[in-house]
Every structure is written in C-alpha cells, then in structure tokens.
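# Structural overview for review
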Amino acid sequence: MNDCGATVSRAPASTNKTMDNKEGKELENLALQKVLEVSSAIDAAKHVDEVICALHSLGTLIFSVDSSLISGAIDQRFKDHILSVKCATDAERDSLKNNFYHGPAFPTMARLLLFEVAPNWLAQFPKSVRSQIYDSFFLEGPSIEVLEALVPIINQKGSDKDPVLHKICSSAERLLVLCFLEKEGIRRMVIEFDHVKIQKGVTVKKEDKDFVSRVAQLLASIPDKIRPKASSKLSSFSFFKQATIQLIAGAEEKALQLPRERDAINKDSPQSYAILFVGETFSRIIRRGSTDIVVSEMVPRIYDLVKSLLSSNSNASLPSTIRDQYSVERLAEGILRQLALRSVTDTEAYWILWILFNRSYNHIASIRAMFVEKFLFWKVFPVSCLRWILQYSVYEEAPTSEAEIKWQKPPHFVDTLQHLVSIWSKREFVQSSSMEQQAYLTAAVGLCLEKMSKQELETAKDVLNSILQGVSGRLESPIDLVRKMASAIALTFSKVVDSKNPLYLDDNHSGVVDWEFEVLTQKKVIITSSSKKQIINTPKSPLPETGREKLSDKKETRRSILIEEISDKGVEDEEKDYNSDSSSDTSLEPYDLSDDDSDLNKTCTQLGDIVAALRKPDDPDGVQGALDATEKLVRTSPDELRHNSSDLVRALVHVRCADVAAEGEEESSEEKRQKALVSLLVTCPFEALDVVTKLLYSTSVDISQRILILDVMTEAALELSETKIITKEQQRKGNLITSTSQHWFIPGERGPVGAGPWREISGSGNGMLQNWSHQYERELPSRSGQRKLGKTRKWSVANSKDLQQEWSKNRFPLYAAAFMLPAMQGFDKKRHGIDLLNRDFVVLGKLIYMLGVCMKCMAMHPEASALAPSLLDMVKSRDVSHHPEAYVRRSVLFAASCILVALHPSYVASALIEGNQDISTGLEWIRTYSLQVAEADSDTECASMAMHCLQFHSKMALETSCALESADRVKAQSRTLPSKLDNYYSVCKYELNF
C-alpha cells in the first residue's frame, strides 16, 4: 500500500522523519512568521498594490513567481519593490515549501486569503496578478491540504444574505473548480497517496484508514455543501463524473497487477493508500446515488482492458478497492446491466467480472453471498446477466469450448441447484412472487439443469422430487405464463433424462427454450398474452365507459383451462382380407345398395332424441351427431324447449367430449357443446339457469365442468346484453328478436300531437336537486287560441342522439338476478369435492370474473344498482380480496372495475343523500383496496389493474360530485345530510384535486 506521509503530515511514513526535528521546527516557525508578517502588511494596507507586494514577498519563498509580469500590472512606485525582492534558490524553496504546507502556516495563510483578501481586495487584482500570487498558493500545494482548507469554507451560513460571506464562498468555490477539476487535483491526490507501497505482511493501521476515509468523505461531500447558485461544475452529476474520471486515471496504473505480483500483496490489505482512497471515494459516490456515473466511466475502460487481455492471452486482476458491501452490490448490479446494454459476449462478461471482483469474491464471504444468494434469489436481471452470474459464481469457469469439455463442477454447484429448486417448487413462491421473479428463478433452474447429467441428477438429494412438484403445481395454474414455465423446466428435465425423447407439454414448441419468457427483456414488465387460454385479459381500457357502448367482446373465445392431462385414445383400423377362392358366381350378382347408409345419415330432429343420444356414451357417433344438431335446433325455439331444457342442460354438462370425439377433433366437440349450452341459456334463460346454478356447486361435477358452466354463463350474458341500438324503421322491417323494448332512461313518446323532439340541455341552475347528470327537453304545441308556447318538459338521461327513434336490444338486465344471486350463494362453503377458497381457486376466479361481466352487461341500468351491493359484499371478504393466488385478486379488481362502470352516478348521489351506507362504504373500499394493491401487490398485472380501477373510481367521483353540487345548495333548506355523504363527498373532492 502506498503512504501519503510524503505529502500529508498526519500520514505515517512522513519524509519529515528523515529530517532533523530541530531543523524542521525552525522551518515551520519561519514559515509561520512570514505568514504573520504578510497578515500585518495586509491589515495596514491602504492600496491594493501594497497587498500584492506583501503576497509577492511570501510567494517567492515558496513557489516560482514571474515578478516582471506582476510589476507590469501595478503602480510605478511599487515596481521597484517587486523587482528588488530576492528569489530563493530551488533547494531553499523546496525545504520551506514542505514545512509551509504541512505545518500550521498554510491553514493560517488560506484563511487569510479567503477571509481578508478575497472579500476586500481580490476584485481589484489584475487577472494575471491573481493567478500568480493568489491562486498559486492553492495550485502549488498538496491537493489533500488544499481540500481540507477549502471545503469547510464553502459551507457558510447566511452567505446568501451577507455580501462578505458571499464573496468568501464564491472565491472558495472558484478555487475548488480550478484546483480539482480544471487542474485535475483529484488525480494528483491519488498520486500523492501512492508514494510508499505496503510491504508484504504489513497491514494498514487503523488511524491511517481513518485518515484516508476522512479525506474521501470530504471530497465526496463537496456537492452537498455548495450553495444553490454555485457553479454547475460542482453539481452532483458534473462533479462526480469528473471525479470518477480522475480517480480511474490516477489508479489505473496501480490497479492492474500481473499474476506474478499477486503474492506480494496481503489479502487483508489494499495494495496502497491510493487504492484505499479510490475505493473509499467510490463507495461514497455510490451511496449518494451516483452508481450510474461510476459504471458508465468504469465499464468502457474495463471492457477495452479485457479485449486487449483476451487478444494477448494474459491475465489481470484488481485489488479490493471497494469494501463497503452496499457499494459493491450497487456497483456490480450497475455493471451487469450496463454490460447487457453493450451486448458483450459471455466470455468478455465473465472476465470483466473476474477482473473486478475475483479477489473480493475469494476472500470476503459477503461478496460471495451477494453473487450466489442475492443476485439469484432476490434480484431480477435480464437473462444474459443471469447467464454471466451463473457462469462466474456457480459454474466458476469461463464459457469456452475447451472449458466445457474439461469442466469439473465446483463442490457448491449441486448445493446451489438444490437451493434453487427447493424454493422454485414451493407453492408459496408461486403465490407471493412477482411474475418477473418467477421467470428469473425458473431460468436459473433451467440453465443449471442444462449442466447436469442423468447420473448427477439421480444422486442429487431431493432435486428430482422438487422438480416434479414444481412442474405439476404450475401446470394447474390458470395463468398461461406460469404454465409455460412448467413446460420449459419439464422439457429441460426430460432432455437430461433422455435426450432422444424430449417431453413437450406446450403445443407451440420449437425444441429450444426461450428463458426470457417475454418478461426478462424489458425494464418494466407488462405481462400480456395473446393466448386465448388467458381468462382475464385487461387492455388499457378494459371496460366500456358508458352503458351505451357496444360490448364488442361478445364473440371472444374463452376456452376453459385444462387442469388434468387427457390421454388420447387411438383407434386402429383393422383391414379385413377376403379370400378370392370363396367367391362364387352368385356372390358377384349386383344388388340394391341405395338405403345402406340411411341409418348413418339419420339426424336428430327432436330435443328428446338429442337428450337420449347424449346419454349414450357407448355410441360416439350418436353423441357427435347430437352435438352437431343441438345449437341449430335450440335456436329455432321449438315448443318443447321449455319442457326439455333442464334435461338437455344436464346431458350437455355431463357428456365427455374427449371420450366420444375422433382423434384431433376434441376441441371442435367441446366448442359445439359450449355453443349449445350458450344457446339454451339465451333462448330459455330462467329454466336453463335454474339447472346450471345448481350444478355449479353439485358434487356430481368436477372442476372442468364447473369451469364450463361459468364460461357458458359468461358467453350467454354477453349475447343477451348485445347493445345494438336500432331505429323504429329497422324494427318495422322485421326482427327475429321479439322481446325488444325501449331504453329505460329514454323519455316516452306520449304527448300531444305536434310535440317536438327531445333534445339535451344543460342544467338550469335553479337550485333544485337533479337526479341525473343530463337533462332533455322538447317543445309542446300551443293550445287552441293560445299564442304562447307550452311549458318545457325535461327528462334527465345520458347522452344520446335521436332518442325518439332508438330501441335497445339489451335483454340481460331482465335475467341479471337469475345469473348472479344463485351463483354467489354458498361460494365460501366447503363441501365434499368443492373448496373454492383454497384448492379450487381457479373456479373462484372464474366465478368472480363472470359476475363482473354480468355487471358490465347491465351498465347504467337500475338492476346494476340493486345487485352491486351483493357483489361488493362477496369480493370485500378478506378470504377473497386478499387471496394468496394472484389470479383471484385479478378477478376481484376486474369485478370492482365493472361495478364502477355499471353504477349510474346519479344513483350513487341519491344513495348517499338517502344515507345508504352500503354504497358509500363499498365504493370507499374499492378505492382503498385498489391503492393497497397498486402499492404493495407482488403481481405486476394486479398492480396495473388496480391503477385502472382507481381511474374508474376517479371518473365516478367526478360524476358523483357534479350531482352532489346541487345537493349543497339545498342542504340548508332540507334535512341535514348524513355523515357518510360528507365523508364520501370529501373523498370525491380529494380525488378531483389530485
């Protein structure tokens, strides 16, 4: 290690020790006496030239001064004095200079220059004179001493008000820029610290470490202490950038050590005081949040170094410059991410990590734990960074072809894999970890498995069982990305066991696993999936803003999640050989074959025949024919439909399409069954709903059938709620749908002959409480003998055009209660084979999703206001809203968003005025719950949906506040409004201000 004692009196190996103590004391006293003489001359000065002469007389004793330059810039009467000063010899100057800067003389002189000369005389100095006899006192001195003299001066209280202090601080800041940035004083400081190496076996004393840390702290604190209006060069970004450049440049020569020199360095000590100083300064820069600055300057230099070393086949390593664990972690993380952006090769990345961290990794346990534990289990990096981390800390071998052949697994490799797999396989990890974290750990497990052999896998303790447990648990997840992770591990595992027979659990496979899983390549991961198996797909605007918008997602395909693996039964056709010798002349005679296929082409034309055919699993052709005919026949609404609908629903739910369909046609049969059930629910809703809601919690159906029931209920609700608006002219042309009715909120057509059309108007502002957010009016004809037009009648409703000609096809509100209420009853009860809150959480998520769709389908209808409290009570349950599975929490947020969209703001306002606490507490719960999820939920999709929910709540608050404004005007004239109204109204106001 280097010693700074040659330049700093407080360092241990001072060159002053070679001097005679008496001689050194005399020189220190002489220097201090000269400073006192200068101080007296400045105090007595009446003219600026007298100050210049006093400073010149001391400057010539310490450093070289161009007297002719100074004499040309001052008055004639002082020139002779300047030119007559005898300059000291180089030996005398060096001797006095050392004692001047390392004794009490320089601190005294620095305060004299800053507190006396700077505020009173410096502005009158010519520029050339200021540089020669003012700035030189700081430029010629050791950077460490100058730093200790200047930094405390810039932090003067009241400098913004006191002009004297302002000049003092300005001068100190200018000198800092000049000495440490423009003249590279930080680089010189590193060199000053590096005069004497630490010999082998010699450790750094504690007092020496403290001194180096003190100087590093002083340097890093400069941006913290400067005034707001100081030079931009002293700002954190600019100053730390220049400091990093100089620190790297100053330490570059000493930082690199050839392998033959490693033994000369004690493993517990840094190479020199310079390296210790660089590391301490970097630690403080990183702790001040400027890791990116250090990384951006360090990585290019290290990268160029590695390229040169790889081309020359030589090795290098850096000493442990930074020992602060937090700083090392931030630096390593920043370097990894920076290397990922630079697209370096695996070999280059490995050697960069080796050069920077190998010494610390081998000798410091916390650094090893940082790579093996924290970077694998707690952090999330891009997959390229994960490969480098594994290569460096787990494989411990450079990624070359020769190394792969000769590679011997380190002792901790299997232990690390066991630890990875044990955490990855736990159900709690899947439930509580973010999708990025799950993908990251899955990639780590897969990359480690690729390095295993079959024999090693069999001998590894609990690895096999943990992998099987983790794969099976993820295959049951309703989230497509989680199932994809299970498929990737299963494929990798199967290749290790038998590379010739890989196991593909995913239909879309290419044989090569993409460990990025579409989430480890972006800084901010948004989990989306184009797969139709994803149950909840929330786009930027997942719900309609008003009830008049079309629900365009009616025809979206919603396939139930495959929970159990269905084994396909292959049917082999046996060819029959006929003996030609057994034929005869009579056997060759023609006969009638016209009716041979009449039985095969028989079509079911009665619902009773369809029910009977569906109940014969031993006749697959008959079941398939029944499935083909059911939807078309039900859509014709035959007379016997209402009587046979219950039996038909049960038969369709219980039929096993996989057992009766031909190979490859299973999905087609499932789709036909689902469409048939949807047609039954749409054509005769009450009869069909009575059956499916009972079957939903029946012990005679399994989980796949429950999911089927919820899927068809969702599809039926969307079909019934088709919100096309047709005109009366279109209605007259004929419409197959007979149960059309006018919108509930459209003003009636009754009135006198000649009445004008309804048109929207703004609020009249007469102070009366309005029940709706919009109003409509029309003109009435005059009575006989009356010249004045009749009064205007008003009707409040949402925006619409030509309302007198529009009719709604939304039939769902009539059946909404039959869809929702039976499904919500008893969902939390545990029965034989039914446990929605725990094991069957997929069904619970689908149930809540279906209920949310139902709310969306009756948006802005009175039925939504009646059913919303019941749904709120269900999702508010802690077992539901705080369910450990993210899938259920997503469904809760979706349902909450649907409630906000479905409720009419006028109803909310009326309910609050009437003191309906169910609505106010329910809406307040949605707001607080969404905030909690957005801030703390580990699932990225849940947090995103919570933000959407908050947006819908803000819109609801805006509409509600408009309706409540009029209530404020009549508050004094009517009864006092309930406290719940005041509370929720305050929330509305807060959200609007926010």
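Residues numbered from 1 in each chain as written. Predicted model: local features only at pLDDT ≥ 70, side-chain atom pairs only at ≥ 80, totals over all residues. Heavy atoms only, no water.

Below, the discussion takes up the overall build of the protein chain. Along the backbone of the protein chain there are 43 helices and 5 strands. With 994 residues in all, the protein chain has 50% of them scored as buried. Taking the intrachain contacts of the protein chain between residues at least 6 apart in sequence as the baseline, contacts between residues at least 24 apart amount to 76%. Total accessible area computed for the protein chain in this model is approximately 49,400 Å², and 49% of it derives from carbon and sulfur atoms. (Helix = DSSP H or I, 4+ residues; strand = E, 2+ residues; numbered from the N terminus. Buried < 20%, exposed > 50% of the residue type's maximum accessible area, 1.4 Å probe, protein only. Contact = heavy atoms within 4.5 Å. Areas by Shrake-Rupley, 256 points an atom, 1.4 Å probe, with all protein chains shown as cover.)

Another point: the packing of helix 25 (residues 463-475) against helix 26 (residues 480-497). With their axes 8 Å apart at the nearest point, helix 25 and helix 26 run at an angle of 145 degrees to one another. Taken as a pair, helix 25 and helix 26 cross one another with a handedness that is left-handed. Contacts between helix 25 and helix 26 involve Leu464, Ile467, Val471, Arg474 and Leu475 on the former and, on the latter, Val482, Arg483, Met485, Ala486, Ser487, Ile489, Ala490 and Phe493. Residue composition of the contact of helix 25 with helix 26, by class: 10 nonpolar, 1 polar and 2 charged. (Axes fitted to C-alpha atoms, helices over the stretch in contact; angles between N-to-C directions. Left-handed = near helix turned anticlockwise from the far one by under 90°. Nonpolar A, V, L, I, M, F, W, Y, C, P; charged D, E, K, R; others polar.)

What follows covers the packing of aromatic side chains. Tallied over the entire structure, the rule returns 26 aromatic pairs. Both rings, one in Phe357 and one in Phe371, keep their centres 5.7 Å apart while their planes meet at 65 degrees; by these two values the pair is edge-to-face. Of this pair, Phe357 sits in helix 17 (residues 346-363) while Phe371 sits in helix 18 (residues 365-378), and the two are 14 residues apart along the sequence. The two residues Phe357 and Phe371 agree in class, both being buried. By the ring-pair criterion, three or more aromatic residues cluster together here, those being Tyr350, Trp351, Trp354, Phe357, Tyr361, Phe371, Phe375, Phe381, Tyr392 and Tyr440. (Phe/Tyr/Trp six-rings, centres within 6.5 Å; stacked < 30°, edge-to-face > 60°.)

What follows is about the environment of Leu696. With respect to the helices and strands, the residue Leu696 is situated in helix 32 (residues 685-696). Separated by 12 residues in sequence, Leu696 and Leu708 place their C-alpha atoms 9.4 Å apart. In this structure Leu696 touches Arg706, Ile709, Leu710, Ala823 and Leu847, once residues within four positions along its chain are discounted.

Let us now look at the environment of Asn358. Position of Asn358 relative to the elements: it lies in helix 17. Counting along the chain gives 35 residues from Asn358 to Ser393, while the straight-line C-alpha distance between them is 9.8 Å.

Our next topic: helix 37 (residues 862-876). Along its 15 residues, helix 37 runs 22 Å from first to last C-alpha, staying within 8% of the 21 Å computed at 1.5 Å per residue. At Ala868, helix 37 shows its maximal kink, close to 35 degrees; a proline, Pro869, follows between one and four residues later. For helix 37, the set of buried residues is Ala864, Ser865, Leu867, Ala868, Pro869, Leu871, Leu872, Met874 and Val875. Check the buried side of helix 37 and you find it contacts helix 35 (812-824), helix 36 (841-857), helix 38 (878-881), helix 39 (886-902), helix 40 (905-913) and helix 41 (917-936). (Expected span 1.5 Å × (residues − 1). Bend = angle between axes of the 7 residues up to and from the residue.)

Attention shifts here to the nonpolar core. Within the largest apolar cluster, 283 residues are counted, with the highest numbers of intra-cluster contacts made by Phe100, Phe125, Phe138, Phe819 and Leu847. When residues are assigned to domains, this core turns out to be shared by domain 1 (22-141) and domain 2 (861-991), each giving three or more. Once residues lying within four places of it in the same chain are set aside, the contact partners of Phe125 are Val48, Val51, Ile52, Leu55, Val117, Arg130 and Ile133. (Core = buried A, V, L, I, M, F, W, Y, C linked by side-chain atoms within 4.5 Å. Domains from an automatic or database assignment.)

Residue Phe517 is not a glycine yet carries a positive backbone phi of 55 degrees. Among the residues examined, Phe517 registers a relative accessible area of 3% and is labelled buried. Positive phi, close to 55 degrees, is recorded for Ser637, a residue that is not glycine. Of note, Ser637 is situated in the loop between helix 28 (620-635) and helix 29 (641-654). By relative accessible area, Ser637 is classed as partly exposed at 41%.

Next up on the list: the confidence of the model for the protein chain. Caution applies to low-pLDDT parts of the model: their predicted coordinates are not meant to be read in detail. The predicted model of the protein chain averages 77 in pLDDT, with 74% of residues at 70 or higher. Note that residues 595-601 has pLDDT below 50 and, in this model, 0 contacts with residues that lie over four places away or in other chains. Below pLDDT 50 for its whole length, residues 763-773 participates in 24 contacts with residues either more than four positions away or in separate chains. (pLDDT = per-residue confidence, 0-100.)

Tracing the sequence through the fold places Asp937 in the loop between helix 41 and helix 42 (940-969). Looking at Asp937, its side chain comes within polar contact range of the side chain of Arg889, at 2.8 Å. Excluding residues that lie within four positions of it along the chain, Asp937 makes contacts with Arg889, Gln932 and Cys942. (Polar contact = N/O pair within 3.5 Å; in protein donor to acceptor, adjacent residues only side chain to side chain.)

Attention now moves to the pattern of salt bridges. According to the stated counting rule, one finds 30 salt bridges in the structure shown. With a shortest N-O distance of 3.5 Å, Lys379 and Glu329 are connected by a salt bridge. Placement of the pair is Lys379 in the loop between helix 18 and helix 19 (383-395) and Glu329 in helix 16 (residues 325-342), with a sequence separation of 50 residues. Among the ionic pairs, Glu670 bridges to Arg673, the shortest N-O distance being 3.0 Å. Of this pair, Glu670 and Arg673 both sit in helix 31 (residues 666-683), separated by 3 residues, roughly a single helical turn. On the accessibility criterion, Glu670 (31% relative accessible area) is partly exposed. Overall, Arg673 belongs to the buried group, its relative accessible area being 6%. Overlapping salt bridges bring together Glu329, Glu333, Arg337, Lys374 and Lys379 as one network. (Salt bridge = Lys/Arg side-chain N within 4 Å of Asp/Glu carboxyl O.)

Looking now at helix 9 (residues 163-182). Here helix 9 contains 20 residues, and its C-alpha end-to-end distance of 27 Å stays within 8% of the 28 Å for a straight helix at 1.5 Å per residue. Residue Glu184 follows helix 9 closely and has a positive phi angle near 55 degrees.

This next bit is on the packing of helix 2 (residues 48-62) against helix 7 (residues 127-139). Look at helix 2 against helix 7: their axes get within 10 Å of each other, and the N-to-C directions meet at 60 degrees. The angle between helix 2 and helix 7 falls in the class oblique. When the axes of helix 2 and helix 7 are compared, the crossing they make is left-handed. Contacts between helix 2 and helix 7 involve Ile52, Leu55, His56, Leu58, Gly59 and Ile62 on the former and, on the latter, Val129, Ile133 and Phe137. (Parallel < 35°, antiparallel > 145°, perpendicular 65-115°, else oblique.)

For the rest of this paragraph, the subject is the environment of Val85. Note on placement: Val85 falls in the loop between helix 4 (76-84) and helix 5 (90-102). When the C-alpha atoms of Val85 and Cys53 are compared, they prove to be 9.5 Å apart, with 32 residues separating the residues in sequence. Beyond its immediate chain neighbours, meaning those up to four positions away, Val85 contacts His56 and Thr60.

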